[in-house]
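Inside the fold
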Amino acid sequence: MADQLSVQFQELAKTSNEEELRVLSLLLKGLKERKTQNGTYISKLLQLSSELGENGLTMSMPITSLIHNNLGIVHGGVIATLADTAMGTLANTVLPEGKSAVTAEIQIHYLHPANGNSLICKADFIHKGTKTMVLEGKVYLENGTLCAHSTATFFMIAAEPV
């Protein structure tokens, strides 16, 4: 498998333009970080970083061509992934050991095209129940423009060993 990947990589590197090489570099960087740091593949590929504060959680990610759609703006599914990940990360911070929160339902409203240098999602609790939680996530451009608003319900389940 490694030999086959090496051949594919060499062929791709020879025929790629600069933008394609930048995307390939981002993918390789994410995979390398996943091997050496804690986190999911998607969080490393999207270069997500988060900060837990008194008023919720803030998660950010750079805007790169890796996440653009055909219009040259951030793909809506990536924005939804950022919001879901931020809200889910916050939900999991308040659970007792042995429990995990998983998305049961998510709704997102896209309000402004996402283009620029970075996206920031601010996640907060709306409701903390004994079996479910409802959270809100607002996704902003680095200049403060609100791009998307999301709400989600999370189920509390028994954590599965990884």
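Residues numbered from 1 in each chain as written. Predicted model: local features only at pLDDT ≥ 70, side-chain atom pairs only at ≥ 80, totals over all residues. Heavy atoms only, no water.

1. Side note on helix H4 (residues 76–93)
The following threshold applies: Secondary structure counts use DSSP, requiring at least four H or I residues in a row for a helix and at least two E residues in a row for a strand, with both numbered from the N terminus. The span you would expect from a helix comes to 1.5 Å times its residue count less one. Exposure classes here rest on a 1.4 Å probe applied to the protein chains alone. A residue is buried below 20% of its type maximum, exposed above 50%, and partly exposed in between. The criterion used for residue contact is that any of the two residues' heavy atoms lie within 4.5 Å.
Its 18 residues give H4 an end-to-end C-alpha distance of 26 Å, which sits within 8% of 26 Å, the value for a rise of 1.5 Å per residue. Buried within H4 are the following residues: Val78, Ile79, Ala80, Leu82, Ala83, Ala86, Met87, Gly88, Leu90 and Ala91. On its buried face, H4 sits against strand E1 (49–53), strand E2 (56–62), strand E3 (99–110), strand E4 (118–128), strand E5 (132–141) and strand E6 (146–158).

2. Quick word on the packing of aromatic side chains
Short version of the rule: Each Phe, Tyr or Trp ring, with Trp reduced to its six-membered ring, pairs with another whose centre is within 6.5 Å; inter-plane angles below 30 degrees give stacked pairs, above 60 give edge-to-face pairs, and intermediate values give tilted ones. Throughout this description, the term charge over a ring refers to an Arg CZ or Lys NZ atom that lies within 6 Å of the ring centre and within 35 degrees of the ring normal.
Per the counting criterion, the structure on display carries zero aromatic pairs. Note that lysine 122 overlies the ring of tyrosine 140, its terminal NZ or CZ placed 5.7 Å from the centroid. Across from the ring centre of phenylalanine 125, 4.4 Å away, lies the NZ or CZ of lysine 128, which sits over that ring.

3. Section: the environment of cysteine 121
Of note, cysteine 121 is situated in strand E4. Residues cysteine 121 and glycine 53 lie 68 residues apart in sequence; the distance between their C-alpha atoms is 13 Å. Dropping the residues within four chain positions of it, cysteine 121 is found in contact with Leu57, Thr58, Met59, Leu82, Ala83, Ala86, Gly137, Lys138 and Val139.

4. Some remarks on a nonpolar patch on the surface
Stated precisely, the cut-off is as follows: Nonpolar side chains (Val, Leu, Ile, Met, Phe, Trp, Tyr) within 5 Å and like charges within 9 Å form the patches, drawn only from residues with over 30% relative accessible area and no salt bridge. Using the Shrake-Rupley algorithm and a 1.4 Å probe, accessible areas are obtained, with residue cover drawn only from the displayed protein chains. What makes a salt bridge here is a side-chain nitrogen of Lys or Arg within 4 Å of a carboxyl oxygen of Asp or Glu, nothing more.
The grouping of Phe9, Leu28, Leu31 and Tyr41 at the surface amounts to a nonpolar patch, some 380 Å² of accessible area in total. Mapped onto the fold, leucine 31 is located in helix H2 (residues 18–36). Note on leucine 31: relative accessible area 39%, which makes it partly exposed.

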